[in-house]
Amino acid sequence: MPNVISQRFESFLSFNRYRYLWVALALMVVAIGCYVFAPVKTEHNGGTWFGYTLGVISVGLMVWLAALGLRKRLIRPGKWSQKGRTSAHVYLGIALALIATLHTGFQFGWNVHTAAFGGMMIVIVSGFIGVAIYATVPSKLSENSGSQTFVELKSQLDQVNLQLDKVLFELDGPPLKLGERVLKTDGVLVSQLRALFSQVALPVFEQFRDSIQQARDAGAIERDLSLTVLRLTQSKAALVKRIRLHQRYKALISIWLAVHVPFTFFSMLLVGIHIFAVFYYW
Amino acid sequence: MQIKLTTIIYRQSGRQTRKVETFEGPKLSFGRSASNDVVLSDRSLPVKCFDLDIVDGVVGLRATDNDTKASIDGVDLKRPEFLSGESQAEFKVGQYSISLGLSSDQDMVLVNIDPGGSVGYTPRYGPGFRVRSKFASLLNARFLSWAGVFALFALFAWYPFSSEVASTTTLSSDVSDQAPEVLWASGKISSAHHNFAESCDQCHVEPFESVTSETCSNCHEALPQHASALLLSLSRPIPEGLDSLEGLAKAEFGIEEGGCASCHKDHNGDEGVLSMPDGLCQTCHEGLDKRLAGHMGAVGFDDVGAFSAHGDFKYLSVDRTGGEITLVRSALSPSKRDQSGISFSHEQHLAESGLVWEMAEEQTLTCASCHALDVSMKNFKPVEMETGCGGCHDLAWGEDDLGQVFRLEHNSLAEARYVLARELSLASLNDPGSVRPNRADGNRGVENLDAKVTEILQSKTGLCLECHESALNDDGTRLDVVTISDFAVHATFDHSVHKLEPLQCNSCHDAKGSTEAEDVLMPKIEVCSTCHADPGVSHRIESDCLMCHEYHATPPVFPKLSSGLDAFAARLVLEPNRGGNEK
Amino acid sequence: MQHTVEEWLALIPKAIDLLSPLSPLQLRDFLLETSMRHAKAGEVIFEKGAAGSSVFAVFAGGIKILIETGEDLLEIPMGAGQMFGEVGLISGRPRGSTVVSSESTILLEIPRTALLKLMLSQERIKNYVDDLVATRMFSQVFGPSLSDESKKMILAASELITVPPNQYLITEGDTKSDAYLIRSGSMVVERELMGSTVFVTYLQAGAVVGEMAALMDGSRNASVKATVKSEVLKIPKEALIAALASSDDVRALVESRMESRIQVNDFITSNKTQFSSAVEMNSAIAGFVFENGLGEATDVLVINENLCIGCDYCEIACAESHNGITLLNREAGTTFEKLHIPTSCRHCEQPQCMTECPPNAITRSVDGEVFIADTCIGCGNCERNCPYDVIKMERAPEPRSNFLSSVLFGLGPGIGHRDRRAVKVETSSPKLARKCDMCKGIDGGPACVRACPTGAAARVSVNEFINFNEL
């Protein structure tokens, strides 16, 4: 894209000349500096005054980061920018990973405290994956669907299915088998799994190539219809490929959230229990 | 033969019409595809179904599709059934009912086809192909969140909490580390406190209150105090800056200052209860000289912030200035001496020639000739006169009447005087001229017996003054020897761990250069720092306070000594309650 | 001054030339739609850049138009009987200069529609206004030193032409040598270079094109194509030369402008090989932009598909800001080179939706956005007239679901969605026209852009879109 227009758009990563990257870096440098130089009398852990300070900062950051979900839904007048919030969310999330790690003092065990930390780290790592996906997948999605919307692709598929169905009404033998095979739709789960993990092209076409050849030698009407089946199969294969790629990209864009969002709540719950346990056994 | 085909057509309006067609025989094909003469628009039927055949005026049906699964009721398509005469055949193909018959003049085959309803192509696929743009709803973040939150709450909150509340006072010896409470512990409990692992409330008595020293002392009774409460409170620096905030916060949250928990933290797993983390001593001892100025008499406190800031060692020694015998703790310096009252030259005893060498059968004595480690293997046993020195120094003072060498025992001065007096008196019995009966002092026979005894004792040949020159008083009645078994009363030193090549005794103790017993051969701290250094210094042994010092030690109380010790030799054994540093 | 209605009806046409052809009855009807306004000396009537569609006539007193030329501030005085503000009326563009009253003044403010109606019914008034607009444009193009005689001369010689969209006004290589003044609409200038069409610049109403060939006797060195239906004034070569000869200042101004254009042309030709890809790309984008009618847009939502994750929060934000009815369809619309123009109002310079609105409910606000007022009767004319399919007829919104129960438990239709179960409201309220109002009156500006989490959505005006100087 030429400079002229790309300048008009500013990604959440480069928001305000990377303002929140610098904020996060400053926060991290200060945290590391304090960790090294803070006059803590014992070894570092969550129980020193410095540990409590880091803990309070971490919990504040965590709640604020999680509130992104509320922020984006609370569409109210005002000078807020969701892009800026996302930018801060990404960079301060990285800072949180460091600050919370320093809060632990690298003391880990099989308990709720480490579970809270682990949950939080899963959130942050899945967030990294999310950023990577957000940076790469949208352009592929755009290339795949072009100017057509998903609904348009689906209605095209409906058309092909209908045509195929109509042709098959007067067909028999291998072309009919091919056609029926092509028309068969997967269940929701199967098709989604296929979209995610399997090859996107319809494999049936190759299988039936030979038998279709034979069918072409049959009578005139069947021959024409067989060719129509072939043509429709090909266009359906191309359409399904696009639809599946679309589904794959859409799934990639949202699937990491199935880890990121639940673990946000898990880690917040665990941090709550962690704080309760610390003060209960004060 | 002609074929007359009558087809019933069901209109959408519900009206039925008939379509009549006439075909010239002899063959009529039936099937689903448009290439048939009669199109049977039923998806269940094959493209080509069967042929109606007229052979020699006989009407038959012949299947054209061997694969067909469509059954034609009552008609065997393999064996053509012939219609003749007035016979009629009726059968169903798919949804079609077909009846065959011959016209009355046998000239025409009549075929009636009843589709049984409207026929033709009907789409199987309505709009709305099942494709979803969103991924499977099982991965719905809200659903997963709620499910996981409930599960995790049960595991990490309800499970430990409910079992903690239920198991309040049971103390079981069979404790597993998999107890639910472990989930809330910040770490594995130490083996010492292992029995409490399932009942947190043994130590954490009240929820939301920190563990108090009082709770600890339920088990750990009568631990020696580091210092008096007054001294402890005075020695703590007045917090400034961040520390004052910490102090305020601790006060706000009800955390004991200076209690057990200030130094001891459990839940460190196999490391056990951590005592005294690095640097905690320094909170008080750094700048303690100023905060506790005036306390601890002339010696005072040092300003110790680290090993490297450790001042000269202070040692306990006997001081006889002004005739008073006192115990003094002071820094090592050449002018101060340990005036124990013993005369001894390490140099002489370790010389490779001379009197001692000759007496030892021309062998050089070693340190081990006199010094041996005690049972603790840390310190040395006191050198006993009888076993240590007695081999050479035998306190012989003459021969008895049988010509045997008479030796004094090294028990006490009074005993020595008594034995001497007794021997002198016995000797005088053999000398009748010297007998003076009925003496008021009870010592029969010998005149000026005490003076004579004193004279013997003060003789330098082989008796007391050989070693106790300065300790025996003028009239020979008192021998003020005070030896100290432990010079460093506030520290422990483990000799056994220092028996490492190439370390020898003389690596630290300059015994060969010492000609007088007053020399204190304890090394200076510089000697230690050739190997020891603050934690963090590389290529040195990391040495914190607790390596040599013990926190829970009763400060030694020094007995008041004065001139006129009523003892032949008072050995001052100062054994403060000191178990050594377990760590 | 106390006058009766009759006296006023006699006074006004005398004072204002424009209204002199009207009969008293027509005048009475017309005046009902206008308003009289008094301005104190020094009062600002309107400011440069403001959106406004009404035309003013000076009844008594005087005003001055402040024109910035470089660093100088030029004041053009106008006395009683004269009209101003008419350029904005014709072109749909924002006000070109600030107008301040120079003394205590009485103004007649004429709504755009009222004047248009008058122009349709009265040939003389239409000519009067057209001539006035053209004359004013001449002043803008040729500078203030162009004499009134020259203006009249050019006006008399020139001819009004309507150019349909995508039709060429000037073809490169052509030897015709007339100049054109764009009265309304917009045009693009293109050049044929090494077999491909290169976009040169974008022209809006008020610009003169083709004067180079007219003055330099050469063939056309670029093509000019209308992007939307445009009106141009054809100025014959002779009239132009005569006008330039009349004043040295005018000549200098035109020549200096030509100078810079020649430089740009030379730049493109000489650097073509180096910058070919960038130039071609820019041309391609320009083509896309104008094909999609963005040439007449003043503000359009553009989505960068390199950044768009398809979360549809722009739509949700739109619905949240407009009572649960989203006025944009993100997925629909055209895409070019990762630039996606969703189906959303472009706030055209001359909105076709306005043309047949019976209650006159569609207006342009002072900030430039075209919006539908509450007076909409739901006739659906605007929906049919909109070439870009961005006006929807929708019933009144339903009650929304509770925010917390929606977020926590997914209850209710969710944010940005209508509750389909609320059938009662669906059937009882009329369908009214709804379109993007650029979140008019909402603090923070368009919610679609604010709510975009990745920065994929931006609102741009076509000038930003195609900026030749950035090449």
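Residues numbered from 1 in each chain as written. Chains lettered and ligands numbered in written order. Predicted model: local features only at pLDDT ≥ 70, side-chain atom pairs only at ≥ 80, totals over all residues. Heavy atoms only, no water.

### Comments concerning the overall build of chain A
1) Next: Each helix and strand counted, chain A has 13 helices and 0 strands in total.
2) Next: Written out in order from the N terminus, the α and β elements of chain A read α-α-α-α-α-α-α-α-α-α-α-α-α.
3) Next: In chain A, buried positions account for 51% of the 282 residues.
4) Next: Contacts in chain A between residues far apart in sequence, at least 24 positions, make up 79% of those at least 6 positions apart.
5) Next: Accessible surface computed for chain A: about 13,100 Å², of which carbon and sulfur atoms make up 65%. (Helix = DSSP H or I, 4+ residues; strand = E, 2+ residues; numbered from the N terminus. Buried < 20%, exposed > 50% of the residue type's maximum accessible area, 1.4 Å probe, protein only. Contact = heavy atoms within 4.5 Å. Areas by Shrake-Rupley, 256 points an atom, 1.4 Å probe, with all protein chains shown as cover.)

### Thoughts on the overall build of chain C
1) Next: Counting its regular elements, chain C contains 15 helices and 24 strands.
2) Next: Out of the 471 residues belonging to chain C, those deemed buried represent 52%.
3) Next: Intrachain contacts of chain C at a sequence separation of at least 6 include 72% that bridge at least 24 residues.
4) Next: As presented, chain C carries roughly 21,100 Å² of accessible surface, and 52% of it is formed by carbon and sulfur atoms.

### Focus on the sheet that holds strand E5 (residues 50-55) of chain B
All names here are of chain B.
1) Next: An order of E4-E3-E5-E6 is seen for the 4 strands of this open sheet, with the pairing classed as mixed. This sheet does not close on itself; its edge strands, each paired only once, are strand E4 (38-39) and strand E6 (58-63).
2) Next: For strand E3 (residues 27-31) and E5, the ladder comprises 4 bridges, and the chain directions are antiparallel. Each residue of the ladder has a partner; that of Phe-30, found in E5, is Phe-50. (Pairing = 2+ DSSP bridges.)

### Thoughts on empty space enclosed by the protein
1) Next: With the rule as written, the count across this model stands at 8 cavities of 30 Å³ or more.
2) Next: If you add up the space inside the largest cavity, you get close to 200 Å³.
3) Next: As for the largest cavity, its lining consists of 18 residues, and the residues nearest its centre are Leu141(A), Ser145(A), Glu305(C), Arg330(C) and Glu331(C).
4) Next: Secondary-structure elements contributing two or more residues to the lining of the largest cavity are helix H6 (112-145) and helix H12 (220-255) of chain A together with strand E18 (329-336) of chain C.
5) Next: Across the lining of the largest cavity, the residue classes break down as 3 nonpolar, 11 polar and 4 charged. (1 Å grid on protein atoms, 1.4 Å probe; cavity = no way out; pocket = protein on both sides within 12 Å on 5 of 7 lines; lining within 4 Å. Points joined across faces, edges and corners; volume = space filled by probe spheres on them. Nonpolar A, V, L, I, M, F, W, Y, C, P; charged D, E, K, R; others polar.)

### So, the nonpolar core
What tends to happen in soluble globular proteins is that the nonpolar side chains get buried as a cluster.
1) Next: The biggest cluster of nonpolar side chains holds 55 residues, and the ones touching the most others in it are Leu96(A), Leu270(A), Ile273(A), Phe156(B) and Trp184(B).
2) Next: At the level of elements, helix H2 (15-37), helix H3 (49-66), helix H5 (82-104), H6, H12 and helix H13 (257-280) of chain A together with helix H1 (141-166) of chain B are the ones that each hand at least two residues to this core.
3) Next: The residues contacting Leu96(A), other than those within four sequence positions of it, are Ser58(A), Leu61(A), Met62(A), Leu65(A), Thr101(A), Met120(A) and Ile124(A).
4) Next: Judged by nonpolar contacts, the second largest core, of 45 residues, contains Met83(C), Val141(C), Leu155(C) and Val208(C). (Core = buried A, V, L, I, M, F, W, Y, C linked by side-chain atoms within 4.5 Å.)

### Here we look at the pairing of strand E8 (residues 96-102) of chain B
All names here are of chain B.
1) Next: By the criterion of burial, E8 is predominantly enclosed, with 6 of the 7 residues buried.
2) Next: What sits between the antiparallel neighbours strand E7 (residues 88-93) and E8 is a turn of 2 residues, in which Gly-94 has the positive phi angle 60 degrees.
3) Next: One ladder, built from 6 bridges, connects E8 with strand E9 (residues 108-114); its direction is antiparallel. Its bridge partner lying in E9, Gly-101 is registered against Leu-110.
4) Next: Between E8 and E9, which follow one another and run antiparallel, lie 5 residues, and Gln-106 among them has a positive phi close to 60 degrees.

### Thoughts on the side chain of Ser514(B)
1) Next: On the secondary structure map, Ser514(B) appears in the loop between helix H14 (505-508) and helix H15 (525-528).
2) Next: Each residue touching Ser514(B), except ones within four places of it in the same chain, is listed here: Ser345(B), His346(B), Glu347(B), Asp519(B) and Leu521(B).

### Here's the deal with the pattern of salt bridges
All names here are of chain B.
1) Next: Following the criterion strictly, the structure yields 16 salt bridges over all chains and no others.
2) Next: Its salt-bridge partner being Lys-512, residue Glu-352 comes within 3.9 Å of it at the nearest N-O pair. Placement of the pair is Glu-352 in the loop between helix H8 (346-350) and helix H9 (355-359) and Lys-512 in the loop between H14 and H15, with a sequence separation of 160 residues.
3) Next: The exposed category is assigned to Glu-352, whose relative accessible area is 56%.
4) Next: Taking relative accessible area as the criterion, Lys-512 reaches 49% and is therefore assigned partly exposed. (Salt bridge = Lys/Arg side-chain N within 4 Å of Asp/Glu carboxyl O.)

### Overview of the packing of aromatic side chains
1) Next: A full pass over the atoms with the stated rule returns 21 aromatic pairs over all chains.
2) Next: Arranged with centres 6.4 Å apart and planes meeting at 80 degrees, the rings of Tyr35(A) and Phe106(A) form a pair that is edge-to-face. One end of the pair, Tyr35(A), is in helix H2; the other, Phe106(A), is in the loop between H5 and H6, and 71 residues separate them in sequence.
3) Next: Ring geometry for Phe46(C) and Phe56(C): centres 5.8 Å apart, planes at 40 degrees, overall tilted. One end of the pair, Phe46(C), is in strand E2 (residues 44-46); the other, Phe56(C), is in strand E3 (residues 55-60), and 10 residues separate them in sequence.
4) Next: Among the residues examined, Phe56(C) registers a relative accessible area of 2% and is labelled buried.
5) Next: The ring centre of Trp64(A) lies 4.1 Å from the NZ or CZ of Arg85(A), which sits over that ring.
6) Next: One cation-aromatic arrangement involves Lys440(C) over Phe371(C); the distance from NZ or CZ to the ring centre is 4.0 Å. (Phe/Tyr/Trp six-rings, centres within 6.5 Å; stacked < 30°, edge-to-face > 60°. Lys NZ or Arg CZ within 6 Å of the ring centre and 35° of its normal.)

### As for the environment of Arg124(B)
1) Next: Looking at where Arg124(B) falls in the secondary structure, it is placed in the loop between E9 and H1.
2) Next: Not counting residues up to four positions away in its chain, the partners in contact with Arg124(B) are Asp165(A), Leu168(A), Glu180(A), Leu183(A) and Arg43(B).

### Some points on the packing of helix H6 (residues 148-157) of chain C against helix H8 (residues 237-246) of chain C
Residues and elements named next belong to chain C.
1) Next: Look at H6 against H8: their axes get within 9 Å of each other, and the N-to-C directions meet at 175 degrees. The angle between the axes of H6 and H8 places the two elements in the roughly antiparallel class. Only Ala-239, Ala-242, Ala-243 and Ser-246 of H8 make contact with H6, whose side of the interface consists of Ser-150, Met-153, Ile-154 and Ala-157. (Axes fitted to C-alpha atoms, helices over the stretch in contact; angles between N-to-C directions. Parallel < 35°, antiparallel > 145°, perpendicular 65-115°, else oblique.)

### Structural notes on a nonpolar patch on the surface
1) Next: Nonpolar side chains collect at one region of the surface, where Trp146(B), Phe150(B), Leu404(C), Leu408(C), Phe409(C) and Leu411(C) lie side by side and expose about 610 Å² of accessible area between them.
2) Next: When residues of the nonpolar patch are traced back to their parent elements, those giving at least two are H1 of chain B together with helix H12 (403-409) of chain C.
3) Next: A total of 3 residues in the nonpolar patch trace back to one element, the largest contributor, which is H12(C).
4) Next: Residue placement: Leu408(C) occurs in helix H12.
5) Next: Judged by its relative accessible area of 36%, Leu408(C) falls in the partly exposed class. (Patch = residues over 30% accessible without salt bridge, like charges linked within 9 Å, V, L, I, M, F, W, Y side chains within 5 Å.)

### As for unusual backbone geometry
All names here are of chain B.
1) Next: Pro-502 follows Glu-501 through a cis peptide bond whose omega is -5 degrees.
2) Next: Relative to the assigned elements, Pro-502 resides in the loop between strand E14 (482-484) and H14.
3) Next: Residues other than glycine seldom take positive phi values, yet Phe-208 does so here, at roughly 65 degrees.
4) Next: Topologically, Phe-208 is positioned in the loop between H1 and helix H2 (213-219).
5) Next: A residue is classified by how much of its surface remains accessible, and Phe-208, at 43% relative accessible area, is partly exposed.

### A short note on the sheet that holds strand E16 (residues 230-235) of chain C
Residue and element names in this part refer to chain C.
1) Next: Taken in spatial order, the 4 strands line up as E9-E16-E11-E14 in an open sheet, and their pairing is antiparallel. Every other strand in the sheet has two partners, leaving strand E9 (159-163) and strand E14 (208-209) as the edge strands with one partner each.
2) Next: Pairing between strand E11 (residues 179-184) and E16: 5 bridges, direction antiparallel. Opposite Tyr-180, over in E16, you have Lys-234 as the bridge partner.

### With respect to the pairing of strand E19 (residues 339-343) of chain C
Residues and elements named next belong to chain C.
1) Next: In terms of residue burial, E19 counts as a mostly covered element, since 5 of its 5 residues are buried.
2) Next: Judged from the 2 bridges that link them, strand E17 (residues 300-304) and E19 form a sheet pairing that is antiparallel. Its bridge partner being in E19, Asn-304 is matched across the sheet by Leu-339.

### Examining the side chain of Ser58(A)
1) Next: Relative to the assigned elements, Ser58(A) resides in helix H3.
2) Next: When sequence neighbours within four positions are dropped, the list of residues in contact with Ser58(A) reads Leu96(A), Ile99(A) and Ala100(A).

### Looking at the environment of Val209(C)
Residue and element names in this part refer to chain C.
1) Next: The topology assignment puts Val-209 in strand E14.
2) Next: Remark: the alpha-carbon pair of Val-209 and Leu-169, spanning 40 residues in sequence, is separated by 9.7 Å.
3) Next: Those residues in contact with Val-209, other than ones at most four positions away along the chain, are Leu-169, Ile-170, Ala-179, Tyr-180, Leu-203 and Val-224.

### Re the packing of H2(A) against H5(A)
All names here are of chain A.
1) Next: In the contact formed by H2 and H5, the axes pass within 9 Å of each other and the chain directions differ by 10 degrees. As the angle between them shows, H2 and H5 are arranged roughly parallel. Our pair here, H2 against H5, has a crossing hand that is right-handed. Here H2 contributes Phe-15, Tyr-18, Tyr-20, Leu-21, Val-23, Ala-24, Leu-27, Met-28, Ala-31, Ile-32 and Tyr-35 to the contact with H5, which in turn contributes Lys-83, Gly-84, Ser-87, Ala-88, Tyr-91, Leu-92, Ile-94, Ala-95, Leu-98, Ile-99 and Leu-102.
2) Next: In terms of residue class, the contact of H2 with H5 is built from 19 nonpolar, 2 polar and 1 charged. (Left-handed = near helix turned anticlockwise from the far one by under 90°.)

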